[in-house]
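# Descriptive structure summary
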Amino acid sequence: MAAEQIAYTVKEFAPAVPGWLNKGDNAWQMTASTLVGIQSMPGLVILYASIVKKKWAVNSAFMALYAFAAVLICWVLLCYRMAFGDELLPFWGKGAPALGQKYLLGRAKVPESKHRGYNDVDDITEPLYPMATLVYFQFTFAAITLILLAGSVLGRMNIRAWMAFVPLWLIFSYTVGAFSLWGGGFLYHWGVIDYSGGYVIHLSSGIAGLTAAYWVGPRLKCDRERFPPNNVLLMLAGAGLLWMGWSGFNGGAPYAANIDSSIAVLNTNVCAATSLLVWTSLDVVFFGKPSVVGAVQGMMTGLACITPGAGLVQSWAAIVMGMLSGSIPWVSMMVLHKKCSLLQKVDDALGVFHTHAVAGLLGGLLTGLLAEPDQCKLILPFDTRGAFYGGNGGVQFLKQIVAALFVITWNVVSTSIILLFIRLFIPLRMPDNQLEIGDDAAHGEEAYALWGDGEKYDPTQHGWHTSQFSEVAAPSPYVNGARGVTINL
């Protein structure tokens, strides 16, 4: 026993285990980072590849794959410190690399988060693990935001324009929202609540996605009218990864393995399940049968809605939020969308505006109503509560509205400027003749090898099997009025 105690003590003071390091917090934060990363890779890669028409499976998956890789490099070269570094402007940090050994191995710290908290005691975000852990955790949030945005422009955006758009939008749009609300910017110090990204991620991606869809232009008429998933079962696999990964998404927001993290994970799953059931019930009532795609959309609206308040509301409130997130976005998608000329004109391929912007805004406002005072004290550096709990809750609700307006305005303006700039050099939309073909025109690859070892269809080799895109018509099965086959001997 004595020997074990000595060995443990020596290990504790090893160079790799400094006194400020909490191994449990570090282990959980790296696990949460991995869970959020899995939401994008392979979660949304699989989801996008399977929820679109077969001819767009490769292109949709590649847009997500490229964004994940490009965001990581831009993040460590410049963008992390724009979002979580020293202040340049009230809404923007000073960009700098996050690559140095001394910087990454030191204790994590968000320098501009210093806040005069309870009893006039200064509070600053300084987790008990190295900066490298925080840098990677926040990268996974930045990456999934771009990938969610991509859902609005699937099936027609020029892949070269997308490759230029990703780093520019990360630099000039995402970092502004992240610094303003999380990194110590003006909205953070004003007391706006965004627990884990209802505004920074979901409202931003939904508004920017709708704006991008407007500037890029619509899909072909035939694709807008009929865009069936090419593999519903694979879509469910991607959706499952997205749902399960959300435990890291919201559970990692406190930057520690604490009791607030636990309630956030529970509330996340409760809200998602409730929203899925409400959305499915509405589909049954109004359309006569449950939709699998609809169930996935209901799941996503529930996850997006609970995000801004996951660790700040009670679990009964999570059910209320799930009921509203399963119904209000459903109405906006199924009813209001068909009556609004702007929404009809803009081709938001996967309805990201409804599933993320509407749900994220709804969650932010509901957090301003339902945030429980004692739970707020567990994680927030300022004393606040939702409007339903009296006190300064009414002011908090107004702050949530103002912050939402800022995020919406910034994303509309920045996304528009970025795309108009790219359009000067690269067409935003693929030409119609390539849109008719899809993956083969964009990448020279197709998702499914339907003939032999993957070679293109050739009727002289593969027989009279045709698709809607085949230029060769199969012979009639009716010969001299009788149905039969001809066998060459």
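Residues numbered from 1 in each chain as written. Predicted model: local features only at pLDDT ≥ 70, side-chain atom pairs only at ≥ 80, totals over all residues. Heavy atoms only, no water.

Going by the annotation in an unreviewed UniProt entry, the name recorded for the protein is Ammonium transporter, with Gossypium darwinii given as the source organism. According to UniProt, the comment filed for the protein under the heading Subcellular location (unreviewed entry) is "Cell membrane". The UniProt entry for the protein carries the following text under Sequence similarities (unreviewed entry): "Belongs to the ammonia transporter channel (TC 1.A.11.2) family." (UniProt positions renumbered as here; feature names shortened; annotations may be inferred.)

Summing up its helical and strand segments, the protein has 21 helices and 6 strands in all. Every one of the 489 residues in the protein was classed for burial, and the buried ones make up 52%. Taking contacts inside the protein between residues at least 6 apart in sequence as the whole, the part at least 24 apart equals 75%. Here the protein displays about 21600 Å² of accessible surface, and carbon together with sulfur accounts for 65% of that area. (Helix = DSSP H or I, 4+ residues; strand = E, 2+ residues; numbered from the N terminus. Buried < 20%, exposed > 50% of the residue type's maximum accessible area, 1.4 Å probe, protein only. Contact = heavy atoms within 4.5 Å. Areas by Shrake-Rupley, 256 points an atom, 1.4 Å probe, with all protein chains shown as cover.)

The next subject is unusual backbone geometry. Cis peptide bonds are those with omega within 30 degrees of zero, and the linkage from Met41 to Pro42 qualifies with 15 degrees. With respect to the secondary-structure elements, Pro42 resides in helix H2 (residues 23–51). Located in the positive-phi region is Tyr255, a residue other than glycine, with phi close to 65 degrees. Looking at the element boundaries, Tyr255 is found in the loop between helix H10 (232–251) and helix H11 (259–287).

Before going further, it helps to examine the packing of helix H5 (residues 131–150) against helix H8 (residues 198–216). The geometry of H5 relative to H8 is characterised by a closest axis approach of 8 Å and an angle of 35 degrees between their N-to-C directions. Here H5 and H8 pass one another in a crossing that is right-handed. Side by side, H5 and H8 meet where Phe141, Ile144, Thr145, Leu148 and Leu149 of the first sit next to Val200, Ile201, His202, Ser205, Ala208, Gly209 and Ala212 of the second. Split by residue class, the contact of H5 with H8 holds 8 nonpolar, 4 polar and no charged. (Axes fitted to C-alpha atoms, helices over the stretch in contact; angles between N-to-C directions. Left-handed = near helix turned anticlockwise from the far one by under 90°. Nonpolar A, V, L, I, M, F, W, Y, C, P; charged D, E, K, R; others polar.)

All right, on to the pattern of salt bridges then. Any two side chains of opposite charge can pair, given that their charged atoms come close. Inspection of every chain in the model, using the stated rule, returns 7 salt bridges. Across the pair Asp347 and Arg219 runs a salt bridge, and its minimum N-O distance is 2.7 Å. One end of the pair, Asp347, is in the loop between helix H15 (341–345) and helix H16 (352–370); the other, Arg219, is in the loop between H8 and helix H9 (221–225), with 128 residues separating them in the sequence. Accessibility expressed as a relative area gives 3% for Asp347, which makes it buried. (Salt bridge = Lys/Arg side-chain N within 4 Å of Asp/Glu carboxyl O.)

Side chains that are nonpolar tend, in soluble globular proteins, to be buried together. Trp75, Trp162, Phe165 and Tyr174 are the most contacted members of the largest nonpolar core, which totals 109 residues. Residue contributions to this core peak at 16 residues, all from helix H3 (residues 57–84). Counting residues in hydrophobic clusters, the runner-up holds 21 residues, among them Tyr195, Met321, Leu370 and Ala371. (Core = buried A, V, L, I, M, F, W, Y, C linked by side-chain atoms within 4.5 Å.)

What follows is about helix H13 (residues 315–325). Listing the buried residues of H13 in full gives Ala317, Ala318, Met321, Gly322 and Ser325. Projected onto a plane normal to the axis of H13, the buried residues spread over an arc of 145 degrees and lie on a single side. (Arc of directions from axis to C-beta.)

With that settled, consider the packing of aromatic side chains. A complete count under the given rule lists 22 aromatic pairs for this structure. Relative to Trp330, the ring of Phe286 lies with its centre 5.2 Å away and its plane at 40 degrees, an arrangement referred to as tilted. In this pair, Phe286 is assigned in helix H11 and Trp330 in helix H14 (residues 328–339), connecting sequence segments 44 residues apart. Owing to a relative accessible area of 53%, Phe286 belongs among the exposed residues under this scheme. Exposure remark for Trp330: the relative accessible area of 5% places this residue in the buried category. (Phe/Tyr/Trp six-rings, centres within 6.5 Å; stacked < 30°, edge-to-face > 60°.)

With that settled, consider the environment of Val71. Mapped onto the secondary structure, Val71 falls in helix H3. Owing to a relative accessible area of 0%, Val71 belongs among the buried residues under this scheme. Taking the C-alpha atoms as reference, Val71 lies 7.5 Å from Phe139; in sequence the two are 68 residues apart.

Further remarks concern the confidence of the model for the protein. Caution applies to low-pLDDT regions: their predicted coordinates should not be interpreted in detail. On average, the protein scores 88 in pLDDT, and the residues at 70 or more come to 88%. In this model, residues 1–8 is a region of pLDDT below 50 whose contacts with residues beyond four sequence positions or in other chains number 0 contacts. (pLDDT = per-residue confidence, 0-100.)

Turning next to the side chain of Ser275. Here Ser275 shows up in helix H11. Here the side chain of Ser275 touches Gly302 through a polar contact of 3.3 Å, landing on its backbone nitrogen. Residues within four places of Ser275 in sequence aside, it is in contact with Gly298, Thr301, Gly302, Gly322, Ser325 and Gly326. (Polar contact = N/O pair within 3.5 Å; in protein donor to acceptor, adjacent residues only side chain to side chain.)

The next point concerns a nonpolar patch on the surface. A surface patch of nonpolar side chains, about 300 Å² in accessible area, is lined by Met41, Phe62, Leu65 and Met163. Structurally, Phe62 can be placed in helix H3. (Patch = residues over 30% accessible without salt bridge, like charges linked within 9 Å, V, L, I, M, F, W, Y side chains within 5 Å.)

With that settled, the discussion passes to the environment of Gly298. Structurally, the position occupied by Gly298 is in helix H12 (residues 292–306). In sequence terms Gly298 and Thr280 are 18 residues apart; their C-alpha atoms lie 7.4 Å from each other. Gly298 has contacts with Ala272, Ser275, Leu276 and Trp279, leaving out every residue within four places of it along the chain.

So, about the side chain of Ser60. For Ser60, the position within the fold is in helix H3. For Ser60, a relative accessible area of 0% translates into the label buried. In this structure the side chain of Ser60 is engaged in a polar contact, spanning 2.8 Å, whose partner is the backbone oxygen of Trp56. Ignoring anything within four residues of it in the chain, the contact list for Ser60 reads Tyr48, Val52 and Leu154.

Okay, the packing of H13 against H16 next. The contact between H13 and H16 brings their axes to 11 Å, and the two run at 145 degrees. H16 is crossed by H13, and the crossing has right-handed handedness. The segment H13 lies against H16, with Trp316, Ala317, Met321, Leu324 and Ser325 engaging Leu362, Gly363, Leu366, Thr367 and Leu370. Class assignment for the residues of the contact of H13 with H16 results in 7 nonpolar, 3 polar and no charged.

With that settled, the discussion passes to the state of the cysteines. Under the defined criterion, the tally for this structure stands at 0 disulfides. In this structure Cys305 is not part of a disulfide, and its nearest cysteine sulfur, from Cys271, lies 5.0 Å away. Given the relative accessible area of 0%, Cys305 is considered buried. (Disulfide = S-S within 2.5 Å.)

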